[in-house]
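Close look at the chain arrangement
Single-letter residue listing:
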Amino acid sequence: MRLLHLLLNVGYVSACRPGALKSRDSESDYVIVGAGPAGYVLATRLSEDPSVTVTLLEAGPDGSNDRNVYTPGFAGRLQNSPYLWNYTSQPDPRRGGIAPRLPQGHALGGGTSVNFMSYSRGAASVYDEWASISGNDRLTWNSILEYFERSTNLTVPSPVDYKYAPNPAVYGDGPVQVSYEWEATGTEPYWGDAMAASMPPPVHLIDPASGHHIGRSNGGPHTINLATGRRSSAQANYGQILSTRANVNVVPLAEVIKINIQNREAVSVHYVSHIDQSNHTVLAKREIIVSAGAIGSPKLLMLSGLGPRDHLQELGIPVVKDIPHLGENLRNHHNAITMYQIPENIVTVGALRANATLLAAAEAEYAATGKGPLSAILTSSYVTERPPEAFLDSINATFHKDLPIDRPLLFYGYTTSPLLPNPRNVNVISAFVCLLQPEAPGYVRLASADYRDSPLIHSNYWSSDADLALELYGYKKLREAMTSRMLAPLVLRELYPGPDVQNDEEVTQSMVSTAWSFNHPTGTCSLGRVLDSHFRISGINGLRVVDSSTFPYQPTSHTSGPVYAVAELAAEIIKESWSSF
């Protein structure tokens, strides 16, 4: 019946599209918009039935043969590349009008093809909260762990020269290769020991995939294939499975600019091919699934007439359904940066960039063995903290204090790259603190009805006084640890903000003026607000959203792991909904 209904409405589909086009170019049972981790999982699981056809559309290119994409040590080269939507947030009042960058994945594999490959799942209570808000008990930690396991497998090298705590019991035999490093970097154990010593004891070693996320993680885990030394992206792993299936069509450089909806039913998508700027439509015989991320998904839905009525009318977009919360609830992890000079004999990402001889040797080792500095991201550990209750009381952090006690509020990490200008041209380590559970949300709106215009992203970093006070607490603690006696063998001098910056006003200014995004936006098409418990937009048949935009609240972790698991669950729900047809 659905196919008959769609065919009867082909004339409408053609009429909605610019240019002289055929009524449709192709059709599939499922049309998936966005080939990031969610899109790849959905395409893989839905196409397990050979009688089902799937089209997976991605606006970005295929970077699978680009060594800058598959080489972990070259991840920093991907900034400002064609593999990113190089978005910029709107000027931030709390940051003196600075417009922070918010790049997002724009390639087959989405963010997993361009990120820095850290893998984690965060605190278990976050998933229990998702289940409560959405009404879907399968999102509780004890239930969704099955889908985390389904997406991953773990490789642990042995022996190693550092202490670590991997938990193989929380991994399965899935496509995503998760691993720990062969050896600690030259910055360890100094950095990790110093940060752990700055916390009230005990600071436990954790596997951040286990549901416990307060403590110290050493040596990973990372989405790196230890056998090859290559990035383990959604495209590399789920994509390998799809390449063997004749019932799946993966189309890169295909930017979907509208979902065509007729009589409250999503019937097709219209996309522009960036190969030749030609226009195309794909008819969906069963469903259209939007997996374009926390920025791209609300943008596409609003361009298609779904979203806040007043906003759409202001832009002249016909309102298909008034959804006031669509684009709201944007949250992101953002970092405050420090930078230090370290000895020249430590191999860092910055040193590899600056020293051609060192780089050539690393490239030769990587080509021959898949090992060496380029097979890792040269960042061995991080520490998370929940500050004392007395401190939370002192800053009136009621929101944060009321969060379940298993949730860390601050993340301390580092990278052996200069995250700020390095005028001295010396070897550096950049350390940062990240607010994991921001109180104040932002939002996304369209700039115009033209798909070519980037959306308006209002990140609203630190618009809560408690958020700002927490970040300042962490920033000061980070600086103290970095200049402690334990780090004396590693840290030669503070380059930023510099030893002269001491009072709270100066420190705050230094912190907010250089902060950067961890590029973990979530929540803009949230379950329980925009979507029902089965990832559907109520009142619109044949349309779901599955990606980080669906998260009701932000996890305390990097977001790729949760996206994989949520997509595995959503794929099962979708298959179940069609099992009786």
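Residues numbered from 1 in each chain as written. Predicted model: local features only at pLDDT ≥ 70, side-chain atom pairs only at ≥ 80, totals over all residues. Heavy atoms only, no water.

Bringing the pairing of strand E11 (residues 254-262) into the picture now. For E11, the buried fraction is high: eight of the nine residues fall into the buried class. Here E11 runs beside strand E12 (residues 265-273); their pairing, made up of eight bridges, is antiparallel. Directly across from alanine 254, in E12, lies its bridge partner serine 273. Counting the residues in the hairpin turn of E11 and E12 gives two residues, including asparagine 263, whose phi is positive at 50°. (Buried < 20%, exposed > 50% of the residue type's maximum accessible area, 1.4 Å probe, protein only. Helix = DSSP H or I, 4+ residues; strand = E, 2+ residues; numbered from the N terminus. Pairing = 2+ DSSP bridges.)

For the pair helix H3 (residues 37-46) and helix H8 (residues 234-242), the least separation of the axes is 9 Å and the interaxial angle reads 15°. If you check the angle between H3 and H8, you find them roughly parallel. In this structure, the crossing between H3 and H8 has a hand that is left-handed. Contacts between H3 and H8 involve Pro37, Tyr40, Val41, Ala43, Thr44 and Arg45 from the former and Ala234, Gln235, Tyr238, Gly239, Ile241 and Leu242 from the latter. For the contact of H3 with H8, the per-class residue count stands at eight nonpolar, three polar and one charged. (Axes fitted to C-alpha atoms, helices over the stretch in contact; angles between N-to-C directions. Parallel < 35°, antiparallel > 145°, perpendicular 65-115°, else oblique. Left-handed = near helix turned anticlockwise from the far one by under 90°. Contact = heavy atoms within 4.5 Å. Nonpolar A, V, L, I, M, F, W, Y, C, P; charged D, E, K, R; others polar.)

All right, on to the packing of H3 against helix H17 (residues 560-577) then. One can describe the packing of H3 onto H17 by two numbers: an axis separation of 8 Å at closest approach and a directional angle of 35°. Along this stretch, H3 crosses H17, giving a crossing that reads as right-handed. Here H3 contributes Pro37, Ala38, Val41, Leu42, Arg45 and Leu46 to the contact with H17, which in turn contributes Val563, Tyr564, Ala567, Glu568, Ala570, Ala571, Ile574 and Lys575. Here the residues of the contact of H3 with H17 are counted per class, giving 11 nonpolar, no polar and three charged.

This part takes up the pattern of salt bridges. Applying the stated criterion across every chain, the model contains 24 salt bridges. Among the ionic pairs, glutamate 572 bridges to arginine 150, the shortest N-O distance being 2.7 Å. Of this pair, glutamate 572 sits in helix H17 while arginine 150 is found in helix H6 (residues 141-151), placing the two residues 422 residues apart along the sequence. Linked through salt bridges whose partners overlap, the residues forming this network are Arg138, Glu146, Arg150, Glu572 and Glu576. (Salt bridge = Lys/Arg side-chain N within 4 Å of Asp/Glu carboxyl O.)

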